[in-house]
Amino acid sequence: MTGIADGIGAATATAAALAASAGPPPAPAPQRHGIGVSLAPADSAAKVSGTFPYAADLWAEGLLWAAVLRSPHPHARILSIDTTQATEMPGVRAVVTHADVPGDAAHGRRVADRPVFAHDLVRHHGEPIAAVAADHPDTARLAAAAIAVEYEVLEPVTDPEQAFSAEPLHPDGNLIRHIPLRFGDPAVTGDVIVEGLYRIGRQDPAPIGAEAGLAVPRPDGGVEIYTASTDPHGDRDLAAACFALPPELVKVVVTGVPGAMGEREDPGMQLALGLLALRTGRPVKLAATREESFLGHPHRHPTLLRYRHHADSEGKLLKVEAQILLDAGAYADSSSDALAAAVSFACGPYVVPHAFVEGWAVRTNNPPSGHVRGEGAMQVCAAYEGQMDKLAAKLGMDPAELRLRNAMATGDLLPTGQAVTCPAPVAELLTAVRDEPLPPLPKDDPDVREGEWLLPGGPDGAGDPDAVRRGVGYALGMVHMLGAEGTDEVSTATVKVTGSVATVICAAVETGQGFTTLARQIVQEVLGIEEVHVASVDTDQPPAGPAARGRHTWVSGGAVERAAKMVRTQLLQPLAHQFGMSTELLTIADGKITSYDGVLSTTVEEALEGKELWATAQCRPHPTEPLDESGQGDAFVGLAFCAIRAVVDVDIELGLVRVVDVALAQDVGRVLNPRQLAARIEAGVAQGIGAALTENLRTSRGIVRHPDLTNYALPTAVDVPDVRIVELIEERDVVAPFGAKAVSAVPVVTTPAAIAAAVRAATGRPVNRLPIRPQSAVVNA
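For clarity, every value in this text was computed on a predicted model and none was experimentally measured. (Residues numbered from 1 in each chain as written. Predicted model: local features only at pLDDT ≥ 70, side-chain atom pairs only at ≥ 80, totals over all residues. Heavy atoms only, no water.)

(A) Representation of the nonpolar core within the structure. Core analysis: the largest hydrophobic core is formed by 166 residues, its most contacted members being Tyr 307, Phe 641 and Ile 755. Counting residues in each nonpolar core, the second largest holds 29 residues, with Ala 215, Ile 225, Val 250 and Ala 272 among its members. (Core = buried A, V, L, I, M, F, W, Y, C linked by side-chain atoms within 4.5 Å. Buried < 20%, exposed > 50% of the residue type's maximum accessible area, 1.4 Å probe, protein only.)

(B) Main features of empty space enclosed by the protein. If you walk through the whole model with that rule in mind, you get 10 cavities of 30 Å³ or more. Put simply, the largest cavity is a space of about 540 Å³. Along the wall of the largest cavity there are 36 residues; nearest its centre are Gln 513, Gly 550, Arg 680, Ala 742 and Ser 744. Contributing elements (two or more residues each) for the lining of the largest cavity: strand S18 (468-484), helix H12 (515-527), helix H13 (551-579) and helix H15 (674-693). Its residues assigned to classes, the lining of the largest cavity comprises 15 nonpolar, 14 polar and seven charged. (1 Å grid on protein atoms, 1.4 Å probe; cavity = no way out; pocket = protein on both sides within 12 Å on 5 of 7 lines; lining within 4 Å. Points joined across faces, edges and corners; volume = space filled by probe spheres on them. Helix = DSSP H or I, 4+ residues; strand = E, 2+ residues; numbered from the N terminus. Nonpolar A, V, L, I, M, F, W, Y, C, P; charged D, E, K, R; others polar.)

(C) The arrangement of the sheet that holds S18 in detail. Strand order in the open sheet formed by four strands is S18-S26-S27-S30, with mixed pairing between adjacent strands. Two strands bound the open sheet, and with one partner strand each, they are S18 and strand S30 (723-729). Sheet twist, expressed as the mean angle between neighbouring strand axes with direction ignored, is 20°. Bridge count between strand S27 (residues 656-667) and S30: six bridges; the pairing is parallel. (Pairing = 2+ DSSP bridges. Axes fitted to C-alpha atoms, helices over the stretch in contact; angles between N-to-C directions.)

(D) Summary view of the confidence of the model for the chain. In the predicted model, the chain carries a mean pLDDT of 90, and 93% of its residues have values of at least 70. Low confidence marks residues 1-28, where pLDDT is under 50. Its contacts with residues over four positions away, or in another chain, come to 25 contacts. (pLDDT = per-residue confidence, 0-100. Contact = heavy atoms within 4.5 Å.)

(E) The arrangement of the packing of aromatic side chains in detail. Following the criterion strictly, the structure yields six aromatic pairs and no others. Note on Tyr 350 and Tyr 384: the rings are 6.2 Å apart at their centroids and 85° apart in plane angle, and the pair reads as edge-to-face. Placement of the pair is Tyr 350 in the loop between helix H8 (335-344) and strand S17 (354-362) and Tyr 384 in helix H9 (residues 377-395), with a sequence separation of 34 residues. Tyr 384 carries the same exposure label as Tyr 350, and that label is buried. Over the ring of Phe 52 we find Lys 47; its NZ or CZ atom is 4.9 Å from the centre of that ring. (Phe/Tyr/Trp six-rings, centres within 6.5 Å; stacked < 30°, edge-to-face > 60°. Lys NZ or Arg CZ within 6 Å of the ring centre and 35° of its normal.)

(F) Region of interest: the environment of Ala 679. Counting through the fold element by element, Ala 679 comes out in helix H15. Considered as a pair, Ala 679 and Gln 513 are 166 residues apart in the sequence and their alpha carbons are 9.4 Å apart.

Here's what the structure looks like:
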């Protein structure tokens, strides 16, 4: 990847220029650790060598294997369940159904509407019916298949627009939430009006490792669950309610997480494991197949969006009208949160004085939808940026210039009435990518010899090079950080120092976002101790909340910083008192404590005098509030922004698209770990390319077609170009610890819209559906 060294921020570049004008200073000693250094992850060697402990690798004495029977129908009434044949099979130790759930029979992240096992109705393809524990995994699978279920197949509701008039699929009805946003004067009209209809497909999080877990019964009647949880305390509470046990008798231990997009795991799997372990009195393990993973965990919400934009003759936006319909699938999960984000960001990072948005989330018999990085915001970004391209075309204006005329800035209002108080350098971001030199055309590139042009069809592409058209597209995206609408965001961390070693205890799960590395850097920065260990996570620790929306960088990182500063005060106060100075006049670096005048110089280990110092602290950002009946309210703690320019080559005869170049500018608040930040941005762009071009979990009347990685097309290294980070604006958010912002979600949100814009520019076609189908990119002669 190129460009990261140039994008560490305007402040860094200015400092470098001033230093150059004053002559070369003495070369400082290289910083080895702390904030701003590309510290390598502590677990990288174990992951590369294959010794990192994932849930699928776990083992226990007397282990049983589990299998789950899932519904082959998307909608059916269960008339009977006969487990006799399965129970009598040799090697089978237990079979559990809904009748064996001692506690709450339903669970859910936000709304407890999802049964542990279906018992009266099946509401989606792959819904769990029963689970089996046996001595061998093959025996468990055969026994699950031997369970006889009699169904009355019902007509599935798969069109979310039909959900409003269809018979209720759930006792709570088909409507999960409706948000009517009203902002400004509905009578306002513009000189120029454009309309559009947009459809966004069902993207799967496709974790590297499928769901797996191990449940171990305890002598006290409780159970321990070992799994790749991203919200261990939330999972513990769900499990305790299901098992009718007090929370202290259920322990969730987090194993290595093989990649995650927030709450991507299927909690129902953990509940089945715990029930089987409690029933048999033996450890029970389940490793889901890829098909089970596709059927069980939540996906990105398929979305239907209708838009009408009003602007004056100079291109200034006047009013946005929109209707947004989210397909939640069979159960509510986090659909209410996704809808709030979609409605609130329906106008994008643009100044819109009048906005009227209707948003709905509805139940259907489609696969379940839930939290996937950038939920809600990604879908509306594709739509409002499509509208901006339509406006530019109708006005005869450059698409980038139209966006600049309407770009949001700090102090502007969201359509929810909330003021943008955080840094919002939207115009600067767009200007940076607009002014970046474009990649040369193959015929102008001396490094590309004849016959080596990578066509949209891949190496030796099937198309005719003369049918390839190049397009350039722009997009601006925004996301919120942390939870919203009154979510109590809080995390607790403990820092201990013994000798020259520090330990961090925090229940923030490392999902690939780099929290454990960041926690080490924070302690190194505050205490000057190089050797820092981060303890493994379980629910015996105080809660830190789910690993989603970059919240651990902010909330858990803030808790670690506060705890480390408290330890620092404990360490320095005796020395400051002894020398008659304040602790602010003492510094810690590289394990040494020195005073401002050089009189005091000692090591941290010597200052400890064999004592162990520790402190526990919490971080809780300022509160938010739910959106009211008009969609108004201060619902978000902070916002992050991104600008992307995408360059694509399109074969206008075959409809094939290749992303040639992605230039990105992003406001990051502060760069905490340059290498880690660049990797997170690259990963976000890659996921966005998948949503734009290849990823769509297809269904036919509610049945998932081809739930495997052969037919679900993830982007590969051939599909993802070098991501050129042309600028990272380090304008610190004063309310965030370190001033940093989350970085991975907003590239996911913005990339699909930029690619769609580039395909529009190349083909002149409207491109109103994601992923982009070949027929949408074909230009008829």
